[in-house]
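Residue strings, one per chain:
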Amino acid sequence: LYRSRRGSRRPGGRHGEADMIFTHTLIDQAETLLDRARTAGVMIATAESCTGGLVVGLLTEIAGSSDVVDRGFVTYSNAAKTEMLGVPARLIEAHGAVSDAVARRMADEALLRSNADIAVAITGVAGPGGSDRKPAGLVHFALACRDADTRSDVHRFGDRGRDAVRLASVATALDLLSDGVDLFG
């Protein structure tokens, strides 16, 4: 992630290259998603663990996003998943925080605890580290939509560095949200 503090905002509210956190590609992807959600009348929520709020941060980086972004839950710790989203501690103990079951529950609960029509959840191991069963780069995603079955996906991005895994996870979450908007369009 690029975090230099030099530079200034360009006209139109977008950041100049010197102070960008997100790539132009991710910003363009997010703008397209927001435009499509706006047209479809769809509100968005996120439940994020390993991305630490980057998805909702990217969406709210774009001026005017408040008409389609309801809220983001940053649930980095297991306790936060339980306290903020109601993910049962026994579910986390049984499957681990980085699991399909927990990602699905995070997405379902984010939808229930928001005014959103679609919610994406992300939980994974950004790295460094991990284990043989859950290596760095393993990320579980889930998408919950009103009046539709929750779907999940798993990606193995590999141990390519924390920032790369997190940014790849953001892009994947945007793709999932776009799929969710399709259900309303």
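Our structure's up above, just so we're on the same page.
As a starting point, this report considers the structure included with it. (Residues numbered from 1 in each chain as written. Predicted model: local features only at pLDDT ≥ 70, side-chain atom pairs only at ≥ 80, totals over all residues. Heavy atoms only, no water.)

1. Examining the nonpolar core
Going by this rule: Nonpolar cores are built from buried Ala, Val, Leu, Ile, Met, Phe, Trp, Tyr and Cys residues. Side-chain atoms within 4.5 Å join them into one set. Remark: exposure states derive from per-residue accessible area (1.4 Å probe, protein chains only) relative to the maximum for the residue type, with buried under 20%, exposed over 50%, and partly exposed in between. Per the convention used, a helix needs a DSSP run of H or I reaching at least four residues, while a strand needs a run of E reaching at least two, with both numbered from the N terminus. Only heavy atoms matter for contacts: two residues are in contact if any of them lie within 4.5 Å across the pair.
In this structure, Val 55, Leu 58, Leu 59, Ile 118, Ile 122, Leu 174 and Leu 177 are the most contacted members of the largest nonpolar core, which totals 36 residues. Of all the elements in the fold, those that place two or more residues in this core are α1 (24-40), α2 (54-61), β3 (118-124), β4 (138-145) and α6 (162-182). In terms of residue count, the dominant contributor to this core is α6 (nine residues). Residues in contact with Leu 58, not counting those within four places in the same chain, are Phe 22, Leu 26, Ile 27, Ala 30, Val 170 and Leu 174. Within the second largest apolar cluster, 20 residues are counted, among which are Leu 91, Ala 110, Ala 121 and Ala 142.

2. Re the packing of aromatic side chains
The line we're drawing: Pairing of aromatic side chains here covers Phe, Tyr and the six-membered ring of Trp, requires ring centres within 6.5 Å, and sorts the geometry by plane angle: under 30 degrees stacked, over 60 edge-to-face, intermediate tilted.
Applying the stated criterion to the full structure yields one aromatic pair. Each ring, one from Phe 141 and one from Phe 157, has its centre 6.4 Å from the other, and the planes form 90°; the classification is edge-to-face. Residue Phe 141 is found in strand β4, and its partner Phe 157 is found in the loop between β5 (151-156) and α6; the two are separated by 16 residues along the sequence. Neither Phe 141 nor Phe 157 differs from the other in exposure class; each is buried.

3. Digging into the sheet that holds β5
Think of a sheet as strands paired side by side through backbone hydrogen bonds, with each pair either parallel or antiparallel. We count it as follows: Only strands that DSSP links by at least two bridges are regarded as paired with each other. Axes, fitted as lines to C-alpha atoms, cover a helix only where it is in contact. Angles between the N-to-C directions of the axes lie from 0 to 180 degrees.
An order of β2-β1-β3-β4-β5 is seen for the five strands of this open sheet, with the pairing classed as mixed. Only two strands of the sheet have a single neighbouring strand rather than two, namely β2 (69-74) and β5. With direction set aside, neighbouring strand axes in the sheet form an average angle of 15°. Across five bridges, the pairing between strand β1 (residues 44-48) and β3 is parallel. Directly across from Thr 46, in β3, lies its bridge partner Val 120. The sheet strands contacting helix α5 (residues 100-112) are β1, β2, β3, β4 and β5, and the helix crosses β4 at an angle near 35°. Where α6 meets the sheet, it contacts β1, β3, β4 and β5, and its direction lies at approximately 20° from that of β4.

4. Regarding the environment of Ser 178
With respect to the element layout, Ser 178 can be found in helix α6. Apart from the residues within four sequence positions on either side, Ser 178 is in contact with Leu 33 and Arg 36.

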